[in-house]
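Examining the three-dimensional arrangement
Here is what each chain is made of, one letter per residue.
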Amino acid sequence: VQLQASGGGLVQPGGSLRLSCTASAHIFQVNNMGWYRQAPGQERELVASIWKDGKNTYYAGDVRYRFTITRDSAKNSVSLQMNSLKPEDTAVYYCNTHPPLAPYWGQGTQVTVSS
């Protein structure tokens, strides 16, 4: 079962996007969740994660204070609010459990930050 991220697009530097991902209950309710990204020519990296109780979060250094990860237990969904976007945020963004499980990698959603 792949997890499908949505909400990407083309945005100007300084703009905002909100990514969303919905998982089945048996995946979402027992796992910490994470957002990952992969830029061209680079390895996939963890951007942010949130504990299954929603009380603890982690952010990679370069997105801290710009991105916010949240989860909605009623909808079995995890979101990533991205503000003050920079060209270096351009990448394909994926959601998965944290740590990630191979079967859950989906196609991701493209985020392009460019003027």
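That block above? That's the structure.
Worth saying up front: this structure is predicted, and the values here are computed from it rather than measured.

**Re the nonpolar core**
One recurring pattern in soluble globular proteins: nonpolar side chains tend to sit buried together. Formed by 30 residues in total, the largest nonpolar core has its most connected members in Trp35, Val78, Leu80, Met82 and Tyr93. When contributions to this core are tallied by element, the ones reaching two or more residues are strand E3 (17–22), helix H1 (25–28), strand E4 (33–38), strand E5 (45–50), strand E7 (67–72), strand E8 (77–82), strand E9 (91–97) and strand E10 (109–113). Ignoring anything within four residues of it in the chain, the contact list for methionine 82 reads Gly15, Ser16, Leu17, Leu19, Arg66, Phe67, Tyr93 and Val111.

**Some words on the sheet that holds E4**
Across the sheet, 6 strands lie side by side as E2-E10-E9-E4-E5-E6; this open sheet has mixed pairing. The open sheet terminates on both sides in strands that have one partner only, identified here as strand E2 (9–11) and strand E6 (57–59). Shown here is a sheet whose adjacent strand axes are inclined to one another by a mean of 25°, direction ignored. By the bridge criterion, 3 bridges tie E5 to E6 in an arrangement that is antiparallel. Considered in E6, the bridge of serine 49 is made with tyrosine 58.

**Observations concerning the state of the cysteines**
Overall, the coordinates contain 1 disulfide when judged by the stated rule. Two residues, cysteine 21 and cysteine 95, share a disulfide whose sulfurs are 1.8 Å apart. Across the disulfide from cysteine 21 to cysteine 95, rotation about the S-S bond amounts to roughly 45°, and the bridge is consequently right-handed. With cysteine 21 in strand E3 and cysteine 95 in strand E9, this residue pair connects regions lying 74 residues apart in the sequence. The exposure class of cysteine 21 is buried, given its relative accessible area of 2%.

**A look at the sheet that holds E3**
A sheet is described by the order of its strands in space; here 4 strands give the open sequence E1-E3-E8-E7, paired in antiparallel fashion. This sheet does not close on itself; its edge strands, each paired only once, are strand E1 (4–6) and E7. Between one strand axis and the next, the sheet turns through 20° on average, direction left out of account. Pairing between E3 and E8: 6 bridges, direction antiparallel. Counted as the bridge partner of threonine 22 is serine 77 from E8.

**What about the pairing of E3?**
Residues Leu17, Leu19 and Cys21 line the buried face of E3, whereas the alternating positions Arg18, Ser20 and Thr22 sit on a face that is not buried. The sheet contact formed by E1 and E3 spans 3 bridges and is antiparallel. Considered in E3, the bridge of glutamine 4 is made with threonine 22.

Rules used throughout
- Every chain is numbered independently, its residues counted from 1 as its sequence is written.
- In view of the model being predicted, local features appear only for residues whose pLDDT reaches at least 70, and side-chain atom pairs are presented and counted only at 80 or more, with totals across whole chains, interfaces and linings using the full set of residues.
- With hydrogens and water excluded, all non-hydrogen atoms of the structure serve as input to the side-chain values.
- Residue types Ala, Val, Leu, Ile, Met, Phe, Trp, Tyr and Cys, when buried and joined through side-chain atoms within 4.5 Å, form a set referred to as a nonpolar core.
- Each residue is assigned to one of three classes by its accessible area relative to the maximum for its type, calculated with a 1.4 Å probe on protein chains only: buried under 20%, partly exposed between the two thresholds, exposed over 50%.
- Helix and strand definitions here come from DSSP, where helices need a minimum of 4 consecutive H or I residues and strands a minimum of 2 consecutive E residues; each element is numbered from the N-terminal end.
- In this description, contact between two residues means that some pair of their heavy atoms is separated by no more than 4.5 Å.
- Should DSSP find at least two bridges between two strands, the strands are regarded as paired.
- Helix axes are fitted only over the stretch in contact, all axes being lines through C-alpha atoms; the angle between N-to-C directions runs from 0 to 180 degrees.
- Here, a disulfide means two cysteine sulfur atoms that sit within 2.5 Å of each other.

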